[in-house]
Amino acid sequence: QAQLAESGGGLVQAGGSLRLSCDASGRTVGKKAMGWFRQAPGKEREFVAAITWTNVTYYGDSVKGRFTISRDNAKNTVYLQMNSLKPADTAVYYCNSQVRPLREGWGGLDAWGQGTLVTVSS
């Protein structure tokens, strides 16, 4: 499978914004739901947001009202606009080109990319 290419991470102060991008153009995404997850040091990977092919969106409780997921189906690209960032948002952010609600919560079914690091300073 072609690699996912996450980008847009960086260092930002609390209250700031970042926009992440995930290029899945090397994969056949089709009508799959795409999504974002994150993993903070010492913690398990956490669901952040998902978006269906018809732009129905879902969010983790900790980011509702602050993050917005969107996608460009023609480019097989998914975005994550992150506003009002908090130090607790510090993590490596990963996208997945096929996400699905599983019994234990949202899961990513395709191979993961290398992620992009977001660091929020207080």
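Residues numbered from 1 in each chain as written. Predicted model: local features only at pLDDT ≥ 70, side-chain atom pairs only at ≥ 80, totals over all residues. Heavy atoms only, no water.

A. Molecular detail of the side chain of N76. Mapped onto the secondary structure, N76 falls in the loop between β7 (67-72) and β8 (77-82). By relative accessible area, N76 is classed as buried at 16%. When near neighbours in sequence (up to four residues on either side) are disregarded, N76 contacts C22, D23, A24, S25, R27, V29 and M34. (Helix = DSSP H or I, 4+ residues; strand = E, 2+ residues; numbered from the N terminus. Buried < 20%, exposed > 50% of the residue type's maximum accessible area, 1.4 Å probe, protein only. Contact = heavy atoms within 4.5 Å.)

B. How the structure looks around the nonpolar core. With 26 residues, the main nonpolar core has W36, L80, M82 and Y93 as its most contacted residues. Among the elements of the structure, β3 (18-23), β4 (34-39), β5 (46-51), β7, β8, β9 (91-96) and β12 (116-121) are those that each provide at least two residues to this core. Within the second largest apolar cluster, five residues are counted, among which are A33, F47, A50 and V99. (Core = buried A, V, L, I, M, F, W, Y, C linked by side-chain atoms within 4.5 Å.)

C. Layout of the state of the cysteines. Counting across every chain of the model gives one disulfide. There is a disulfide in this structure between C22 and C95, and the S-S distance comes to 1.8 Å. In this pair, C22 is assigned in strand β3 and C95 in strand β9, connecting sequence segments 73 residues apart. Judged by relative accessible area, which is 0%, C22 ranks as buried. For C95, a relative accessible area of 0% puts it in the buried group. (Disulfide = S-S within 2.5 Å.)

D. Region of interest: the sheet that holds β12. One open sheet holds the six strands; their spatial order is β2-β12-β9-β4-β5-β6, and the pairing between them is mixed. Since the sheet does not close on itself, it has two edges, and those belong to β2 (10-13) and β6 (57-59), each with one partner. With direction set aside, neighbouring strand axes in the sheet form an average angle of 25°. Of the strand pairs in this sheet, β4 and β5 are connected by five bridges, and their pairing is antiparallel. Within β5, the position partnered with M34 by the bridge is I51. (Pairing = 2+ DSSP bridges. Axes fitted to C-alpha atoms, helices over the stretch in contact; angles between N-to-C directions.)

E. Examining the sheet that holds β8 more closely. Strand order in this open sheet of four strands is β1-β3-β8-β7, and the pairing throughout is antiparallel. One side of each edge strand has no neighbouring strand; the edge strands of this open sheet are β1 (5-7) and β7. The average angle at which neighbouring strand axes cross in this sheet is 15°, direction not considered. In the sheet, β1 pairs with β3 via three bridges, with the strands oriented antiparallel. Bridge assignment links E6 to a residue of β3, and that residue is C22.

F. Structural context of the packing of aromatic side chains. In the structure shown here, the tally under the stated rule is five aromatic pairs. Pairing F37 with F47 gives two aromatic rings, centres 5.7 Å apart and planes at 70°, and the pair type is edge-to-face. Placement of F37 in strand β4 and of F47 in strand β5 is noted, with a sequence separation of ten residues between them. On the basis of an interplanar angle of 80° and a centroid distance of 6.2 Å, the ring pair of Y94 and W112 is categorised as edge-to-face. Linking Y94 in strand β9 with W112 in the loop between β11 (105-108) and β12, this pair joins segments that are 18 residues apart in sequence. (Phe/Tyr/Trp six-rings, centres within 6.5 Å; stacked < 30°, edge-to-face > 60°.)

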